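Chain residues, written in single-letter form:
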Amino acid sequence: APAPAPGRHLFSDPAEVEALRRNLLAWYDRCKRDLPWRALAAAEPDADRRGYAVWVSEIMLQQTQVATVIDYYTRWMQKWPTLQALAQASLEEVNELWAGLGYYSRGKRLQEAARKVVSELAGRMPRTAEELQKLLPGVGRYTAGAIASISYGQATGVVDGNVIRVLCRLRCIGADSSSPAVIDRLWDMANVLVDRSRPGDFNQALMELGATVCVPKSPLCGECPVKQYCQAWRRKLFGKATPVPDVEDCGVGDCPLCPPATEPWDSSLGVTNFPRKAAKKRPRAMRTATCVLERRGCHGAPEYLIVQRPSSGLLAGLWEFPSLPLAQDLQEEKEKEELADHLQAWMGQPVAAKELQFIGEVIHIFSHIHQTYVVYSLHLDGDVTLDPALSPSRWVTEDEFHASAVSTAMKKV
């Protein structure tokens, strides 16, 4: 691919880079949010404990909003304040604490990596982004860079969704921001920009700017500490670029970082012309029949049957009401018949489809699945002996259900 014009897309002026660093760090020192992982990392003198504290926060923050993570993070660090404590925990305990946070494989990989650090690395966290990514399961390029820069002071950049948005606006990058070619250039930019004396603070400042000021819609450009270096903001002020290219314009139409000719600058959008992403694939639709089996417990309180999902795949290892994937467009009677057959395999005794009471439907949106749960209930009068050859199962009270490692979808059910 042809190289982009350096004046437009790249940070080639050392004085500009230094001024941008200085302004951004000064703003961060004044305006950063008070977040528990920042306070914990700043107060922790031990490098490994500091690395662990940052690592947990970065894994939890993947695909999850800060407001949601705060309580989970606080409970996690109270329960497992060190790598060693987490390594001794069971996967069931991890899933129980993680329940409701989503993307459950994150918790599993975090514990697997903690056990590896304890058993294979003598309890010592890797210190560089390269080693972190190579040695720890579930740690990718971004997470490795965040841990290494924040915990160990390595001058390495980071690129997440917030950083992509900030860099694309700063340098008018209008090509598909999810494409490998653009992502590689953004990593190059992040590594050029990162402050050598305060790399962790600088990376957090860049992410903080994207999270609080340079937001996807209605960005607060007037409050931006680096707006004078932002090509998109300047373009918004002075209108569309002139037809005759100058030294800061690519002007040739085949730059891999410029917007495609079919998507010209829209003056009504201003800086929100950037970044541009490829159209998302529509999530696939799935239907699942779910039955809430209820019996009277030994103390008189209702109990409900939950079964454990397989150890791999969607919602791995979590507990749910007995459920069965359905073909699309099945009639209700056919759905009930298939669910009755499925329940019969669990209980070892016939289940009449007519006994299943339809309750309603619950919709839950996963990142790639539009899931509809067709919910039925069945009250059992006598005792039921469950087949031990099938997946793990147990009877729980309502309180025990909510304390178990169950998904948000099952709580909706």
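Residues numbered from 1 in each chain as written. Predicted model: local features only at pLDDT ≥ 70, side-chain atom pairs only at ≥ 80, totals over all residues. Heavy atoms only, no water.

Per an unreviewed UniProt entry, the protein carries the name Adenine DNA glycosylase and comes from Calcarius ornatus. According to UniProt, the comment filed for the protein under the heading Sequence similarities (unreviewed entry) is "Belongs to the Nth/MutY family." (UniProt positions renumbered as here; feature names shortened; annotations may be inferred.)

Would you mind going over the overall build of the protein with me for this structure?
On a plain count of helices and strands, the protein comes out with 17 helices and seven strands. By its C-alpha atoms, the protein is 80 × 50 × 35 Å across when sized along the principal axes. Taking all 413 residues of the protein together, 49% fall into the buried category. Within the protein, residue pairs in contact and separated by at least 24 positions form 68% of the contacts whose partners lie at least 6 positions apart. With an accessible surface of roughly 20200 Å², the protein has 52% of that area assigned to carbon and sulfur atoms. Each charge class in the protein can be summarised by its mean position, and for the 48 positive and 49 negative side chains these summaries are 6 Å apart. (Helix = DSSP H or I, 4+ residues; strand = E, 2+ residues; numbered from the N terminus. Buried < 20%, exposed > 50% of the residue type's maximum accessible area, 1.4 Å probe, protein only. Contact = heavy atoms within 4.5 Å. Areas by Shrake-Rupley, 256 points an atom, 1.4 Å probe, with all protein chains shown as cover. Lys, Arg positive; Asp, Glu negative; His and termini not counted. Charge placed at Lys NZ, Arg CZ, Asp CG, Glu CD.)

Explain the domain arrangement of the protein here, please?
Many analyses report the size of an interface as the accessible area lost when the parts associate. The assigned domain composition of the protein is domain 1 (7-238) and domain 2 (284-403). Between the C-alpha centres of domain 1 and domain 2 the distance comes to 39 Å. At the interface, six residues of domain 1 touch 10 residues of domain 2. Taking both sides of the interface into account, the surface hidden between domain 1 and domain 2 amounts to around 550 Å²; carbon and sulfur atoms contribute 46%. (Domains from an automatic or database assignment. Buried area = accessible area lost by both parts, 1.4 Å probe.)

Would you take a moment to explain the nonpolar core for this structure?
Nonpolar side chains in soluble globular proteins tend to be buried together. Counting 103 residues, the largest nonpolar core has Tyr52, Trp55, Met60, Trp76, Leu186 and Leu209 as the members making the most contacts within it. Of all the elements, helix α4 (residues 47-61) adds the most residues to this core, at eight residues. Mapping this core onto the domain boundaries places at least three of its residues in each of domain 1 (7-238) and domain 2 (284-403). Every residue in contact with leucine 209, bar those within four places of it in the chain, is listed here: Leu24, Trp27, Val166, Cys214, Cys224, Pro225 and Val226. (Core = buried A, V, L, I, M, F, W, Y, C linked by side-chain atoms within 4.5 Å.)

Explain the pairing of strand β2 (residues 302-308) here, please?
Two faces, one strand: in a regular strand the side chains alternate between the faces of the sheet. The buried fraction of β2 is high, at five of seven residues. In this structure, strand β1 (residues 284-296) lies alongside β2, joined through three bridges in antiparallel fashion. When the sheet's bridge partners are listed, arginine 296 is paired in β2 with proline 302. In terms of strand pairing, β2 meets strand β7 (residues 393-396) through four bridges, oriented antiparallel. Residue pairing across strands places isoleucine 306 opposite arginine 394, the latter belonging to β7. As paired elements, β2 and strand β3 (residues 319-320) share two bridges and run antiparallel to each other. Paired with valine 307 across the two strands is glutamate 320, which belongs to β3. (Pairing = 2+ DSSP bridges.)

Just to check I follow, could you spell out the pairing of strand β5 (residues 357-365) for this structure?
Across eight bridges, the pairing between β5 and strand β6 (residues 369-379) is antiparallel. Looking at β6, one finds that valine 362 is bridged to tyrosine 373. Hairpin connection from β5 to β6: three residues lie between these consecutive antiparallel strands.

Could you clarify how one ought to interpret helix α8 (residues 105-120) in this entry?
Counting along an α-helix, one turn takes 3.6 residues, and residues three or four places apart therefore face a common direction. For α8, spanning 16 residues, the distance from its first C-alpha to its last is 22 Å, which sits close to the expected 22 Å at 1.5 Å a residue. What α8 keeps buried is the set Arg106, Gly107, Leu110, Gln111, Ala113, Ala114 and Val117. Taken around the axis of α8, the buried residues stretch over an arc of 160°, which confines them to a single face. Among the exposed residues of α8, those pointing more than 90 degrees away from its buried face are Ser119 and Glu120. Buried-residue contacts for α8 involve α4, α5 (66-79), α6 (83-87) and α7 (91-98). Remark: alanine 122 follows α8 within two positions and exhibits a positive phi of approximately 60°. (Expected span 1.5 Å × (residues − 1). Arc of directions from axis to C-beta.)

Looking at this structure, I do not really get the packing of helix α2 (residues 14-31) against helix α13 (residues 199-212). What am I missing?
A pair of packed helices can be characterised by two numbers: the angle between their axes and the separation between those axes. Running from N to C, α2 and α13 point in directions that differ by 70°, and their axes come no closer than 9 Å. Classified by the angle between their axes, α2 and α13 sit roughly perpendicular to one another. Contacts between α2 and α13 involve Leu20, Arg21, Leu24, Leu25, Trp27, Tyr28 and Cys31 on the former and, on the latter, Asp201, Phe202, Gln204, Ala205, Leu206, Glu208, Leu209 and Thr212. Per-class residue counts for the contact of α2 with α13 are 10 nonpolar, two polar and three charged. (Axes fitted to C-alpha atoms, helices over the stretch in contact; angles between N-to-C directions. Parallel < 35°, antiparallel > 145°, perpendicular 65-115°, else oblique. Nonpolar A, V, L, I, M, F, W, Y, C, P; charged D, E, K, R; others polar.)

So what exactly am I meant to see when it comes to the state of the cysteines here?
The tally for this structure, following the rule as stated, stands at zero disulfides. As a non-bridged cysteine, cysteine 168 has cysteine 214 as the owner of its nearest cysteine sulfur, 9.7 Å distant. You can call cysteine 168 buried: its relative accessible area is 0%. Left without a disulfide partner, cysteine 230 is nearest to the cysteine sulfur of cysteine 224, which lies 6.6 Å away. (Disulfide = S-S within 2.5 Å.)

Help me understand the UniProt feature "domain: HhH-GPD" (unreviewed entry) in the protein in this model?
Annotation from UniProt places "domain: HhH-GPD" (unreviewed entry) at residues 60-212. Along residues 60-212 one finds 67% helix and 0% strand; the C-alpha atoms at either end are 19 Å apart.

Explain a negative patch on the surface here, please?
Together, Glu332, Glu333, Glu337 and Asp341 line one region of the surface with negative charge. Here aspartate 341 is to be found in helix α15 (residues 332-347). Given the relative accessible area of 53%, aspartate 341 is considered exposed. (Patch = residues over 30% accessible without salt bridge, like charges linked within 9 Å, V, L, I, M, F, W, Y side chains within 5 Å. Salt bridge = Lys/Arg side-chain N within 4 Å of Asp/Glu carboxyl O.)

In this structure, what is going on with the packing of aromatic side chains? I would like to understand it.
When we look at a pair of aromatic rings, we describe it by the centre distance and by the angle of the planes. Enumeration according to the criterion identifies five aromatic pairs in this entry. Taking 5.3 Å as the distance between ring centres and 80° as the angle between the ring planes, the aromatic pair formed by tryptophan 37 and tyrosine 73 counts as edge-to-face. Remark: tyrosine 73 occurs in helix α5 and tryptophan 37 occurs in helix α3 (residues 36-43); sequence separation between them is 36 residues. For the pair shown, tryptophan 37 and tyrosine 73 are each scored as buried. What links up through ring pairs into an aromatic cluster is the set Trp76, Trp80 and Trp98. (Phe/Tyr/Trp six-rings, centres within 6.5 Å; stacked < 30°, edge-to-face > 60°.)

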